[in-house]
Amino acid sequence: MTTLGRGRQRLAQQVIDQLRAQIETGKLRVGDQLPTEPQLESTFGVSRTVVREAIADLRAAGFVRPIQGKGVFVADPKVHSVMSLTPVEIKSIPETLELLEFRMATEGEAAAIAAYRRTAEQEAAIREANRRMAQLIETGQQTVEADYAFHMAIAAATNNRFYVDVLRHFGPRAIPRGQFPTLPEANDREYLQKVYAEHVDILAAIADQDPDRARQAMRAHLMASQRRYRMLAEQQ
């Protein structure tokens, strides 16, 4: 992830914080329609990419909901969380946040190492795992195993068995949405395409043998997930 990419993450968080504050203070009430993307771009002085990223995170956390052909509307987060999460899922949130924090430290470095150590065959394996995930998204099938395979392929490309051992220890449960099957984002095509786009950034940096960019892209990917689950935790 470039400096520009890191800036986009910060801007997205600012938009999230401000829209969430408007919802929580009642300035935007349940059922209200959010301004259009161009209006939000103008209001916050950000790009459409930033706006879409912020809305995707707010949607995943249950603050807003899209209605086909009409727009994005304010949802009731409390109702959403009660309806969506089982007691087991609610108990899983703290562990999920801890695991994401740990993965940022280990997998960020793994991506950097993979960027300068990977062989052509290992790069091809990472690319194939990501291609498989894109295919599953397109056909509406479960993507957790393919997502895990992508991260495992990066760990293997470090040529350091400890990175592989650590990720293998967690197994597919390392992918957070696999622990929250009732959340809308678990099977939401728009959300999954956003995850896939983050994977593309990581893959591009590894293919370009750019360790710093690979590290930042992986961290940005995991931080985006951490941000969504923190919002979810605050709703409980």
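Everything that follows concerns the structure shown earlier in this document.
Summary of the structure given here. Source: prediction; values computed, not measured. (Residues numbered from 1 in each chain as written. Predicted model: local features only at pLDDT ≥ 70, side-chain atom pairs only at ≥ 80, totals over all residues. Heavy atoms only, no water.)

## Concerning the pairing of strand S2 (residues 71-74)
Worth spelling out the cut-off: In this description, strands pair whenever DSSP reports at least two bridges between them. Think of it this way: any DSSP run of H or I at least four residues long counts as a helix, any run of E at least two long counts as a strand, and we number them from the N terminus.
Pairing geometry for strand S1 (residues 64-67) and S2, over four bridges, is antiparallel. Following the sheet pairing, Arg 65 is matched in S2 by Phe 73.

## A few points about the packing of aromatic side chains
Test applied: Each Phe, Tyr or Trp ring, with Trp reduced to its six-membered ring, pairs with another whose centre is within 6.5 Å; inter-plane angles below 30 degrees give stacked pairs, above 60 give edge-to-face pairs, and intermediate values give tilted ones. For the exposure calls, accessible area comes from a 1.4 Å probe over protein chains only, and a residue counts as buried if that area is under 20% of its type's maximum, exposed if over 50%, partly exposed in between. Only lysine NZ and arginine CZ atoms are considered, and such an atom sits over a ring when it is within 6 Å of the ring centre and within 35 degrees of the ring normal.
According to the stated counting rule, one finds one aromatic pair in the structure shown. Aromatic side chains Phe 102 and Phe 170 sit 6.0 Å apart centroid to centroid with 70 degrees between the ring planes, which places their arrangement in the edge-to-face category. Of this pair, Phe 102 sits in helix H5 (residues 87-117) while Phe 170 sits in helix H8 (residues 161-170), placing them 68 residues apart in sequence. On the accessibility criterion, Phe 170 (17% relative accessible area) is buried. The side chain of Arg 161 reaches across the aromatic face of Phe 162, ending 4.3 Å from its centre.

## Side note on empty space enclosed by the protein
To keep things clear, this is the line we draw: In the cavity and pocket records, a cavity denotes points on a 1 Å grid over the protein atoms alone where a 1.4 Å probe fits but cannot get out, a pocket denotes an open set with protein on both sides within 12 Å along at least 5 of 7 lines, and lining residues are residues with an atom within 4 Å of a point. Grid points are joined across faces, edges and corners, and a volume is the space filled by probe spheres set on the points. Throughout, the ten residues Ala, Val, Leu, Ile, Met, Phe, Trp, Tyr, Cys and Pro are labelled nonpolar, Asp, Glu, Lys and Arg are labelled charged, and all others, Gly among them, are labelled polar.
Enumeration according to the criterion identifies one cavity of 30 Å³ or more in this entry. The computed volume of the largest cavity comes to approximately 110 Å³. Asp 147, Pro 176, Arg 177, His 221 and Ser 225 are the residues nearest the centre of the largest cavity, which is lined by 14 residues in total. Contributions of two or more residues to the lining of the largest cavity are made by H5, helix H7 (144-156), helix H9 (189-207) and helix H10 (211-234). Examining the composition of the lining of the largest cavity, we find that four residues originate from one element, H10, more than from any other. Residues that form the lining of the largest cavity fall into these classes: six nonpolar, three polar and five charged.

## Let's talk about the pattern of salt bridges
Defined as follows: The term salt bridge refers to a side-chain nitrogen of Lys or Arg lying within 4 Å of a carboxyl oxygen of Asp or Glu.
One pass over the full model with this rule turns up 19 salt bridges. Where Arg 52 meets Glu 37, a salt bridge forms, and the shortest distance between an N and an O atom there is 3.1 Å. Note that Arg 52 is positioned in helix H3 (residues 48-60) and Glu 37 in helix H2 (residues 37-44), a separation of 15 residues in sequence. The salt bridge partner of Asp 147 is Arg 177, with a shortest N-O separation of 3.0 Å. Note that Asp 147 is positioned in helix H7 and Arg 177 in the loop between H8 and H9, a separation of 30 residues in sequence. For Asp 147, a relative accessible area of 2% gives the class buried.

## Description of H2
Given 3.6 residues per turn, any residue in an α-helix points the same way as the ones three and four places further on. The test is simple: Note: the arc covers the axis-to-C-beta directions of the helix.
Those residues of H2 that sit buried are Leu 40, Glu 41 and Phe 44. Across the axial projection of H2, the buried residues extend over an arc of 105 degrees, all falling on one side. Of the exposed residues in H2, the ones pointing more than 90 degrees away from its buried face are Ser 42 and Thr 43. Positive phi appears at Gly 45, one or two residues downstream of H2, with a value of about 65 degrees.

## Description of the layout of surface pockets
In this model, the largest pocket occupies a volume close to 420 Å³. Broken down by element, the residue count for the lining of the largest pocket peaks at four residues, all from H3.

## Here we look at unusual backbone geometry
One non-glycine residue, Asn 159, adopts positive backbone phi at about 60 degrees. Its identity as a non-glycine residue notwithstanding, Gln 209 has a phi of 55 degrees, on the positive side. Secondary-structure assignment places Gln 209 in the loop between H9 and H10. On the accessibility criterion, Gln 209 (43% relative accessible area) is partly exposed.

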